[in-house]
Amino acid sequence: MKGYEEKYKKSLEIYKRAVKVIPQGIYGHHTPVITGPLASPYYVEKTKGCRYWDVDGNEYIDYMCSYGPMVLGYNHDEVEEAADAQRRKVSSCNHPAEAMVLLAERLTGLIPMADWAVFGKNGADMTNHSLLIARKHTGRKKIIMAKGAYHGTAPWAQGAGHAGIIDEDTENLLYMTWGDLEDFRRLVRENPDQVAGVILTPYHHPTWAEQQMPPDGFWDGVRKTCDDEGIILILDDIRAGFRLHMQGSHELFGFQPDIACYCKAIANGHPLSAMVGSEKTRISSSNVFYTGSYWFAADPMMASLKTLEILERDKSIEKMRKMGDKLKSGLEEMAQANDLDISVTGPPATQFMTFDGDVSFRRSQLFAAESMKRGVFFHPHHNWFVSAAHEEKDIEESINVANDAFKKVKEVFGAS
Amino acid sequence: MSVEIVKARLFLYAVLHLFEELAKRDAEAQKIIKEHSGVIQFKAPGDLSAQVEITPDGVVATPGTDKKPTVSLFLPSVSMLNNLFEGGFALPIPVKGLLKMGLVMKGFDPLGKRLEAYMDNVENPPGGKKGKEMVASLLMTAAIFGAAQVGNADESVKDVVKKIPDGIAHLEIKGGPSIYLKKEGMTFTAAKGTPDDYTVYLGFKDYDIAYGMFTDNLDLMAAINLGDIDLSGSLAMVEQLAVLMEKAGAYLE
């Protein structure tokens, strides 16, 4: 996109150095290819609350929250003090600290279905781990997942057609349409006694598409089929976890998984993931060897304990829902005022705005670029995140910026 | 459809278009076409047919057999058609133009050799910088027209095709060729020129960038992030189309 480069001059200077020594310059989900090449910041300088500053000194109200991890606010004083206090004693060593047991006790006490907990660093550590447990527990190979779902970047999760992924990586994966109970049951019928587990998100949050809430009866149906067929039900609650319900998103939707995976919001940005499971899979979990160099670091665990404490104390989930609702209404009102048809889908705390009928996402790309130019970071292709640090004044400011961005979209593309 | 049929479609409906590019830009090719004119038609079982019209002004490749042929060649099997293009054993049966076949093929064969000179030496093509521009143009044409045929005919990419939204992917080398691929339902069509609108657009800053991309010598993400490639629109479409383009390349290797 042209005309934004001056705003991100230093970002681009750093990036030109980066491409000489790092493939892609910035890889993975941070690539500016998906947020707006030359039309979005490339490098961050500092953060606080619900805002951050890029290396050019541009300030943003942040609706990505580091792609989910920031839930109470960047550099939250209480969380940082808890992490620092632990780090001053020990972070990583040859053994875990008591922090690990404290956090496992906390999670098993908090989440009704949880009888055990294990920890890692990234969400994908846990989704990968969950498949091993399901396969060990059932003695079967096949895993059912939803088309368009994201569970990390391991070969099994990326699927065919991506660089470096071979057919053998996905030969034991079966793909269902998320929300389609009959499709799920068909796959189970067609693969009798072969399905080890089904891994699903609590609601559907694909990239480049509207989000989808579970239809009535979907989760009850999935649970029943898993019980009848001996399939392990794995909930990937990495994106939504601790933003919708303190006891796990499954409590909001009224079902119990066998295993649930968490990351993102669990420690307000400190690197930590967790998996909890019911008694049923405890022994199988104990048989699986899965580990990582930094998985036992104690300071993120103390950060998590403090994060969970504050989420409950401050009724943060309710606040995020309220702020999310306010944002959604404001966007809908401004879009309508500019004769543009939009849809804001998903739960308020993890909503996603799309322009109706625009499969190209060009309107979203322009909307995001113009919003970033005015100090609000909306992602053009990925669901957004509201945090407990977003206050009413931040939402109001964002809605006003959105209005200007909608005007620009209408100017370039016309009314809907 | 079988691998042989996919290949045949690639030769007839993608590779033949490369002769158009060759005739536009290559001085040797321009000399050849000034002296040899005619319409060559290729036909094989399964309704496979295409024609190449050679005139002093250029080469035009089109599907079907609606033009008046100078030479009409029938290949008794799809694999023989493929052999004809790959330089293997083929016994085309001249349905029409037996007497003129030698004359016309005297034009077409050297054109084929000229095309090979580029396509078999993409890393070091004849003509230095101009040669690389030709290669960029040829590979972009092959990628898009090839992706269309793979999408239409290769059963193994059916799931990829389903993920591609309906719409238009427009690619161009700024100041150079422009080409686009349209998807409607499960059908792809490719064409040269600029569409009225697009679902995704990839604009290469210059031939060097396009050459790097299509010879797999470019950090694609870096090029986009630096503005060497303008990218706008559906990333989902680009991602899935890349699978079809790669498959086309694999078939034609």
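Residues numbered from 1 in each chain as written. Chains lettered and ligands numbered in written order. Predicted model: local features only at pLDDT ≥ 70, side-chain atom pairs only at ≥ 80, totals over all residues.

Time to look at the overall build of chain A. If you tally the helices and strands in chain A, you get 15 helices and 13 strands. The C-alpha atoms of chain A give 22 Å as radius of gyration, which agrees with the globular expectation for 416 residues (22 Å, within 12%). Overall size of chain A, expressed as C-alpha extent along the three principal axes, is 60 × 55 × 45 Å. Expressed as a percentage of the 416 residues in chain A, the buried residues total 49%. Taking as baseline every contact in chain A between residues at least 6 positions apart, the subset at least 24 positions apart corresponds to 75%. (Helix = DSSP H or I, 4+ residues; strand = E, 2+ residues; numbered from the N terminus. Rg over C-alpha atoms; globule rule 2.2 N^0.38 Å. Buried ≥ 20, exposed ≤ 12 C-beta atoms within 10 Å, placed from the backbone. Contact = placed C-beta atoms within 7 Å.)

All right, on to the packing of helix α4 (residues 98-110) of chain A against helix α12 (residues 298-313) of chain A then. All names here are of chain A. Between α4 and α12, the shortest axis-to-axis distance is 9 Å and the interhelical angle comes to 35°. Seen from above, α4 lies across α12 with left-handed handedness. In this structure, α4 uses Ala 99, Met 100, Leu 102, Leu 103, Arg 106 and Leu 110 to contact α12, whose residues at the interface are Ala 298, Met 301, Met 302, Ser 304, Leu 305 and Leu 308. Residues belonging to the contact of α4 with α12 are distributed by class as follows: 10 nonpolar, one polar and one charged. (Axes fitted to C-alpha atoms, helices over the stretch in contact; angles between N-to-C directions. Left-handed = near helix turned anticlockwise from the far one by under 90°. Nonpolar A, V, L, I, M, F, W, Y, C, P; charged D, E, K, R; others polar.)

This part is about the interface of chain A and chain B. Contact residues are listed per partner, giving 20 residues for chain A and 19 residues for chain B. Of all elements in the fold, only α1 (9-21), α2 (32-35) and α14 (362-373) of chain A reach the threshold of two or more residues within the side of chain A that touches chain B. With three residues, α2(A) is the single largest residue contributor to the side of chain A that touches chain B. Tallied by class, the residues present in the side of chain A that touches chain B amount to 12 nonpolar, seven polar and one charged.

Once that is clear, we can look at unusual backbone geometry. Positive phi, normally seen in glycine, also occurs at Phe242(A), with a value near 70°. For Phe242(A), a count of 28 C-beta atoms within 10 Å gives the class buried.

A few words now on the domain arrangement of chain B. Residues and elements named next belong to chain B. The domains assigned to chain B are domain 1 (3-119) and domain 2 (128-252). At the level of secondary structure, the elements contributing two or more residues to the side of domain 1 that touches domain 2 comprise α1 (3-25) and α4 (98-119). In terms of residues, the side of domain 1 that touches domain 2 owes the most to one element, α1, which gives 12 residues. Tallied by class, residues from the side of domain 1 that touches domain 2 come to nine nonpolar, one polar and five charged. (Domains from an automatic or database assignment.)

Three- or four-residue spacings in an α-helix give side chains the same orientation, since the helix completes a turn every 3.6 residues. For α14(A), spanning 12 residues, the distance from its first C-alpha to its last is 16 Å, which sits close to the expected 16 Å at 1.5 Å a residue. Counting buried residues in α14(A) gives 11 out of 12 residues, a clear majority hidden from the surface. Of the residues making up α14(A), those classed as buried are Arg362(A), Arg363(A), Ser364(A), Gln365(A), Leu366(A), Phe367(A), Ala368(A), Ala369(A), Glu370(A), Ser371(A) and Met372(A). Residues of α14(A) that are buried in the fold lie against β3 (59-62), β12 (352-355), β13 (376-377) and α15 (392-413) of chain A together with β10 (229-233) of chain B. A positive phi of about 95° marks Gly375(A), the residue just after α14(A). (Expected span 1.5 Å × (residues − 1).)

What follows deals with the sheet that holds β3(A). Residue and element names in this part refer to chain A. Within the open sheet, the four strands sit side by side as β1-β2-β3-β13. Their pairing is mixed. Of all strands in the sheet, those with a lone pairing partner are β1 (44-48) and β13, marking the two edges. Sheet topology note: the β3/β13 ladder contains two bridges and is parallel. Pairing of Ile 61 across the sheet is with Val 376, part of β13. (Pairing = 2+ DSSP bridges.)

Now for the domain arrangement of chain A. All names here are of chain A. Each assigned domain of chain A is listed here: domain 1 (5-74 + 315-413) and domain 2 (77-313). Distance from the C-alpha centre of domain 1 to the C-alpha centre of domain 2: 27 Å. Contacts between the two partners involve 22 residues from domain 1 and, on the opposite side, 21 residues from domain 2. A per-element tally of the side of domain 1 that touches domain 2 places helix α13 (residues 316-337) first, with three residues. Its residues assigned to classes, the side of domain 1 that touches domain 2 comprises 11 nonpolar, 11 polar and no charged.

Moving on, we get to the nonpolar core. Val198(A) and Ala274(A) are the most contacted members of the largest nonpolar core, which totals 109 residues. Counting the residues that make up this core, at least three belong to each of domain 1 (5-74 + 315-413) and domain 2 (77-313) of chain A. What Val198(A) contacts, discounting residues up to four positions off in sequence, is Ile144(A), Val222(A), Cys226(A), Ile231(A), Leu233(A) and Ile234(A). Judged by nonpolar contacts, the second largest core, of 91 residues, contains Phe19(B), Ala29(B), Leu84(B) and Ala142(B). (Core = buried A, V, L, I, M, F, W, Y, C linked by C-beta atoms within 7 Å.)

Residues and elements named next belong to chain A. A sheet is described by the order of its strands in space; here seven strands give the open sequence β4-β10-β9-β8-β7-β5-β6, paired in mixed fashion. Two strands in the sheet have a free side with no partner beyond their single neighbour: β4 (116-120) and β6 (173-176). Within the sheet, the average angular offset between the axes of one strand and its neighbour, ignoring direction, is 20°. Across four bridges, the pairing between strand β7 (residues 195-200) and strand β8 (residues 232-236) is parallel. Considered in β8, the bridge of Leu 200 is made with Leu 235. Lying on the sheet, α4 is in contact with β4 and β10 (273-277); it crosses β4 at an angle near 130°.

Residues and elements named next belong to chain B. Here Val 161 shows up in helix α6 (residues 158-163). By the C-beta count within 10 Å, which is 20 here, Val 161 ends up buried. C-alpha of Val 161 to C-alpha of Pro 126: the two residues are 35 residues apart in sequence and 36 Å apart in space. Ignoring any residue separated from it by four or fewer positions in sequence, one finds Val 161 in contact with Gly 151 and Met 186.

Bringing the packing of helix α8 (residues 181-190) of chain A against helix α9 (residues 218-229) of chain A into the picture now. Residue and element names in this part refer to chain A. Direction vectors running N to C along α8 and α9 enclose 15°, while the axes themselves pass 10 Å from each other. One way to sum up the angle between α8 and α9 is to call them roughly parallel. Of the two elements, α8 crosses α9, and the hand of that crossing is right-handed. Here α8 contributes Leu 181, Phe 184, Arg 185 and Val 188 to the contact with α9, which in turn contributes Phe 218, Gly 221, Val 222, Thr 225 and Glu 229. Residue classes in the contact of α8 with α9 are distributed as five nonpolar, two polar and two charged. (Parallel < 35°, antiparallel > 145°, perpendicular 65-115°, else oblique.)

Here we come to helix α7 (residues 207-214) of chain B. Residues and elements named next belong to chain B. A large share of α7 lies buried, amounting to six of its eight residues. Taken as a whole, α7 has its buried residues at Tyr 207, Ile 209, Ala 210, Tyr 211, Met 213 and Phe 214. Looking at the buried side of α7, the elements it contacts are α5 (128-153), β6 (167-173), β9 (200-204), α8 (220-225) and β10.

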